[in-house]
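For reference, the chains in residue letters:
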Amino acid sequence: APEPPRAAAPPAEERKPAPPQKIVAIRVAAPPPSMFGGGTLREAIVAEGFEFGRYDIFHRLDGTGRPLCSLASLREPGTFDPDAMDGIEYRGVAMFTVLPGPLPSQHALDELIRAARLLAERLGGVLQDDRGAQLSLQRIGQLRLFDLEASVNGGPLPISLLGMSFLQRLSSYEVARGRLILRW
């Protein structure tokens, strides 16, 4: 007896390339010339919900154990030994998140900034950007420009469009005398 015709195999599922990753980092530093005592630093880190873990750094984890943000030492090589921290002084820590991650990018950035502010407040530290400059509102605004939703129109338009997903990230905007003014 002839075999019944076989159904064609479903087409192989196309894999979308992974979205590009970006590491967003900010620092909590001791105001010069002071340093953070290691025991005080460890207590503050743990009090802010960070756990020591992978790569010998601290992480704030989501409910499934994925890092929301992480915290490394500004002291080379960037790792911690919690048992030895009491005898060491630190000039600060680098806090970072990887985008995209477990949270939407804007929520992850908000969580990173909130955690850094709370840690700085607890330690009497200062917030800095990834280069060591004071963390300004302008720099925070620049960090928020990652992962904007956008589309490209295939044809010419008589006007320029700026998406609402971008405009919602600003504190305000206005058009005056033919100029667009954006405020962070």
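Residues numbered from 1 in each chain as written. Predicted model: local features only at pLDDT ≥ 70, side-chain atom pairs only at ≥ 80, totals over all residues. Heavy atoms only, no water.

(A) Spotlight on the pairing of strand β7 (residues 92-99). A large share of β7 lies buried, amounting to six of its eight residues. Across eight bridges, the pairing between strand β1 (residues 22-29) and β7 is antiparallel. When the bridges of β7 are listed, Ala 25 appears paired with Phe 96. Bridge count between strand β5 (residues 67-73) and β7: four bridges; the pairing is antiparallel. Within β7, the position partnered with Ser 70 by the bridge is Phe 96. (Buried < 20%, exposed > 50% of the residue type's maximum accessible area, 1.4 Å probe, protein only. Helix = DSSP H or I, 4+ residues; strand = E, 2+ residues; numbered from the N terminus. Pairing = 2+ DSSP bridges.)

(B) Geometry of the pairing of β5. Among the seven residues that make up β5, six are buried, leaving the element largely enclosed by the rest of the structure. Pairing geometry for strand β4 (residues 57-61) and β5, over four bridges, is antiparallel. Across the sheet, His 59 pairs through a bridge with Ser 70, a residue of β5. Connecting β4 to the antiparallel partner β5 that follows it, the hairpin turn spans five residues, and Gly 65 within it adopts a positive phi of roughly 90°.

(C) Structural detail: the nonpolar core. The biggest cluster of nonpolar side chains holds 30 residues, and the ones touching the most others in it are Val 28, Leu 41, Leu 71, Phe 80, Met 95 and Leu 119. At the level of elements, β1, α1 (38-47), β5, β7 and α2 (105-123) are the ones that each hand at least two residues to this core. Looking at this core element by element, the count peaks at nine residues for α2. Val 28 has contacts with Phe 36, Arg 91, Gly 92, Val 93, Met 95, Ala 116, Leu 119, Ala 120, Val 126 and Leu 127, leaving out every residue within four places of it along the chain. (Core = buried A, V, L, I, M, F, W, Y, C linked by side-chain atoms within 4.5 Å. Contact = heavy atoms within 4.5 Å.)

(D) Structural view of the pattern of salt bridges. The tally for this structure, following the rule as stated, stands at five salt bridges. With a shortest N-O distance of 2.5 Å, Arg 60 and Glu 111 are connected by a salt bridge. You can see Arg 60 sitting in strand β4 and its partner Glu 111 sitting in helix α2, a full 51 residues away along the chain. Among the salt bridges present, the one from Arg 114 reaches Glu 111, with a minimum N-O distance of 3.3 Å. Of this pair, Arg 114 and Glu 111 both sit in helix α2, three residues apart, roughly one helical turn. Relative accessible area serves as the criterion here: at 41%, Arg 114 is assigned to the partly exposed category. (Salt bridge = Lys/Arg side-chain N within 4 Å of Asp/Glu carboxyl O.)

(E) Layout of the packing of α1 against α2. Contact pair α1 / α2: the axes reach a minimum separation of 10 Å and the direction vectors enclose 140°. Viewed along their axes, α1 and α2 adopt a mutual orientation that is oblique. The element α1 and its partner α2 pack so that their crossing is right-handed. In this structure, α1 uses Thr 40, Leu 41, Ala 44, Ile 45 and Ala 47 to contact α2, whose residues at the interface are Leu 119, Arg 122 and Leu 123. Split by residue class, the contact of α1 with α2 holds six nonpolar, one polar and one charged. (Axes fitted to C-alpha atoms, helices over the stretch in contact; angles between N-to-C directions. Parallel < 35°, antiparallel > 145°, perpendicular 65-115°, else oblique. Left-handed = near helix turned anticlockwise from the far one by under 90°. Nonpolar A, V, L, I, M, F, W, Y, C, P; charged D, E, K, R; others polar.)

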